[in-house]
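Results of the structural survey
Here are the chains, one letter per residue:
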Amino acid sequence: MKDVNNIFIVDDDAVQAMMLSDHLGKYSYLNIHTYLTGEECMKNIAIVKPQIVFLDYYFDKVSNTSMNGLDILKAIRGEHPDVDVVMFSGQDKIEVAVNTMKYGAFDYIVKSESAFHRAENVIFNIIRKLKLERMAAMYKRLTLLFGIALGLLLIATAVLYFTGNISVNPGWVP
Amino acid sequence: MDDQKITDLTFLSTFSGGDTTRMKKYVGMFLQIAPQQLEKIKGAMNASDWDGVRANAHSLKPQITYMGISGGEALIKQIENDSSSRTNLEGIPAMFSQMEELCKKAIVELDVFMKQ
């Protein structure tokens, strides 16, 4: 379970953020970092290198230049494509969910009583995904090595054959 | 009879594993934040800032759910939707008054819980 150990929770709703942090905190291997704004998140993301960001869809704009959820999602996916972003929102509209997936969100969770268990399940899904990606990369490397080995064997056989060191008749047939 | 409780802390209790210290942490945060949110909604409403009404109603909505405020979730959702779609704007003040009343009663009940 060590593929995921750093998680960001980015939400200006302090109660929501605290509850999610406490709920996920039961997994001792998770280091949970909570930020109230997208700006704080972006300042720390390259330093802490989280595997998952739970991101609120809607932020109470402090100023006109404050980032909203979609802005933060795009920024994270653009600058840190290996970080999975899970959107959290009070909106249960399908078009909002589809829009966030379009910009690269891994999942979309509606803030409700079941949201916390869903967040847990998403973490497990991401861990599974990371494991599968690692296995796929390993198989790719193994296939490449096997291909290289096979190729070298064929080349060696061809060289030995054409230099007369080996013949078609292995000598079993008199 | 006005004895009927309007808050239901069943969800919070389950969420907190029955840990009242933890429950009080969340209730305490709600007691601090909710009045501010209500003031923001009222201010935005008085200024006909419907985006502001929507934003603050949106923020308050999950907390209303978590505190189990009976009837509160439907009201706050309606306020959020109407201010977002700019429909039934004239009905929002009445809904907000109801919401405010509910929250005041909820705050009284939750204060009692905090003192236990």
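Just so you know, these numbers come straight off a predicted model, no measurement behind them. (Residues numbered from 1 in each chain as written. Chains lettered and ligands numbered in written order. Predicted model: local features only at pLDDT ≥ 70, side-chain atom pairs only at ≥ 80, totals over all residues. Heavy atoms only, no water.)

1. Re the overall build of chain B
Rule in force here: Secondary structure elements are taken from DSSP: a helix is a run of H or I of four residues or more, a strand is a run of E of two residues or more, and numbering for both begins at the N terminus. Atoms counted for the radius of gyration: C-alpha only. Globule rule: 2.2 Å times the number of residues to the power 0.38. Each residue is placed in one exposure class: buried if its accessible area under a 1.4 Å probe, protein chains only, is under 20% of its type's maximum, exposed if it is over 50%, and partly exposed if it falls in between. Surface accessibility in these figures is a Shrake-Rupley result with a 1.4 Å probe; residues are shielded only by whichever protein chains are displayed. Neither His nor the chain ends contribute to the count of charged residues, in which Lys and Arg are positive and Asp and Glu negative. Charge positions come from single atoms, namely NZ of Lys, CZ of Arg, CG of Asp or CD of Glu.
Summing up its helical and strand segments, chain B has 5 helices and 0 strands in all. For 116 residues, the compact-globule estimate of 2.2 N^0.38 gives 13 Å, and the C-alpha radius of gyration of chain B, at 15 Å, lies within 12% of that figure. When the backbone C-alpha atoms are referred to their principal axes, chain B occupies close to 40 × 30 × 20 Å. The buried share among the 116 residues of chain B stands at 51%. For chain B, the accessible area works out to roughly 5700 Å², and carbon and sulfur atoms hold 50% of it. A distance of 6 Å separates the average location of the 13 positive side-chain charges in chain B from that of its 15 negative side-chain charges.

2. Quick word on the sheet that holds strand β4 (residues 84-89) of chain A
Pairing between the strands of a sheet comes from backbone hydrogen bonds, and it takes one of two forms, parallel or antiparallel. Residue and element names in this part refer to chain A. Heads up, the condition is: DSSP bridges decide pairing: two strands pair if at least two such bridges lie between them. Axes, fitted as lines to C-alpha atoms, cover a helix only where it is in contact. Angles between the N-to-C directions of the axes lie from 0 to 180 degrees. The contact rule is simple, with two residues in contact once any of their heavy atoms fall within 4.5 Å.
Spatial strand order, β2-β1-β3-β4-β5: 5 strands in an open sheet with parallel pairing. The open sheet has two edge strands, β2 (31-35) and β5 (107-110), and neither has a second partner. Along the sheet, successive strands turn relative to each other by an average axial angle of 20°, direction set aside. Relative to β4, strand β3 (residues 52-56) is paired through 5 bridges, and the arrangement is parallel. Along β4, the bridge assignment pairs Ile52 with Asp84. Packed on one face of the sheet, helix α2 (residues 38-48) meets β1 (6-10), β2 and β3 and runs near 170° to β1.

3. Some details on the interface of chain B and chain A
As a reminder, the rule being used: As used here, buried area is the combined drop in accessible area, with a 1.4 Å probe, of two parts when they are placed together. In what follows, salt bridge is the name for a side-chain nitrogen of Lys or Arg lying within 4 Å of a carboxyl oxygen of Asp or Glu. Under the rule applied, a polar contact is a pair of N or O atoms within 3.5 Å (in protein, one hydrogen donor and one hydrogen acceptor; residues adjacent in sequence only if both atoms are side-chain atoms).
Counting from both sides, the interface comprises 21 residues of chain B and, opposite them, 18 residues of chain A. Taken as a group, Phe15, His58 and Tyr66 of chain B account for 29% of the area that chain B buries against chain A, more than any other trio of residues on that side. Joining chain B to chain A, the criterion identifies 1 salt bridge. With its nearest N and O atoms 2.6 Å apart, the salt bridge here joins Asp22 of chain A to Lys25 of chain B. Where chain B meets chain A, there are 5 residue pairs in polar contact (both at pLDDT 80 or more). Going through the elements one at a time, α1 (10-15), α2 (20-46) and α3 (50-66) of chain B are the ones with two or more residues in the side of chain B that touches chain A.

4. Some remarks on the confidence of the model for chain B
Defined as follows: Every residue carries a pLDDT, the predictor's confidence in it, which falls somewhere between 0 and 100.
Looking at chain B as a whole, the pLDDT averages 93, with 97% of positions reaching at least 70. Interface confidence in the predicted complex, given as ipTM, is 0.85; pTM for the same model is 0.83.

5. Description of helix α5 (residues 115-162) of chain A
Just so we agree on the cut-off: Here a helix's expected span is defined as the number of its residues, less one, multiplied by 1.5 Å.
Along its 48 residues, α5 of chain A runs 69 Å from first to last C-alpha, staying within 8% of the 70 Å computed at 1.5 Å per residue. When we look at burial in α5 of chain A, the residues that qualify are Ala115, Phe116, Ala119, Glu120, Val122, Ile123, Ile126, Ile127 and Leu130 of chain A.

6. Some words on the packing of α2 of chain A against helix α3 (residues 69-79) of chain A
All names here are of chain A. Test applied: The scheme is simple: roughly parallel for angles under 35 degrees, roughly antiparallel for over 145, roughly perpendicular for 65 to 115, oblique for anything else. For this classification, the nonpolar set comprises Ala, Val, Leu, Ile, Met, Phe, Trp, Tyr, Cys and Pro, the charged set comprises Asp, Glu, Lys and Arg, and every other residue, Gly included, is treated as polar.
At their nearest, the axes of α2 and α3 sit 10 Å apart, and the two run at 10° to each other. On the basis of the axis angle, α2 is roughly parallel to α3. Counting all contacts with α2, which are made through Gly38, Cys41, Met42 and Ile45, the residues of α3 involved are Ile72, Ala75, Ile76 and Glu79. Residue composition of the contact of α2 with α3, grouped by class: 6 nonpolar, 1 polar and 1 charged.

7. Details of a nonpolar patch on the surface
To keep it simple, the criterion reads: Patches here: salt-bridge-free residues with over 30% relative accessible area, like charges joined within 9 Å, nonpolar side chains (Val, Leu, Ile, Met, Phe, Trp, Tyr) joined within 5 Å.
Residues Leu132, Met135, Met138, Tyr139, Leu142 and Leu145 of chain A make up a contiguous nonpolar surface patch of roughly 610 Å² in combined accessible area. Relative to the helices and strands, Met135 of chain A resides in helix α5.

8. What to know about the side chain of Gln16 of chain A
If you trace the backbone, Gln16 of chain A turns up in helix α1 (residues 14-24). With near-sequence residues (within four places) excluded, Gln16 of chain A lies in contact with Asp11, Phe88, Lys111 and Phe116 of chain A together with Pro62 and Tyr66 of chain B.

9. Remarks on the nonpolar core
Quick note on the threshold: For this analysis, a nonpolar core means a set of buried residues of the types Ala, Val, Leu, Ile, Met, Phe, Trp, Tyr and Cys, connected via side-chain atoms within 4.5 Å.
Core analysis: the biggest nonpolar cluster contains 62 residues, and Val4, Met19, Phe54 and Ile123 of chain A have the highest contact counts within it. A per-element tally of this core places α2 of chain B first, with 12 residues. Not counting residues up to four positions away in its chain, the partners in contact with Phe54 of chain A are Ile7, Phe8, Ile9, Val10, Leu20, Leu24, Val86, Phe88, Ile109, Ala119 and Ile123 of chain A. With 23 residues, the next largest nonpolar core counts Ile72, Leu73, Ile76 and Val96 of chain A among its residues.

10. Some words on helix α5 (residues 92-115) of chain B
All names here are of chain B. Along its 24 residues, α5 runs 34 Å from first to last C-alpha, staying within 8% of the 34 Å computed at 1.5 Å per residue. Listed in full, the buried residues belonging to α5 are Ile92, Met95, Phe96, Met99, Glu100, Leu102, Cys103, Ala106, Ile107, Glu109, Leu110 and Phe113. In this fold, the buried residues of α5 make contact with α2, α3 and α4 (72-85).

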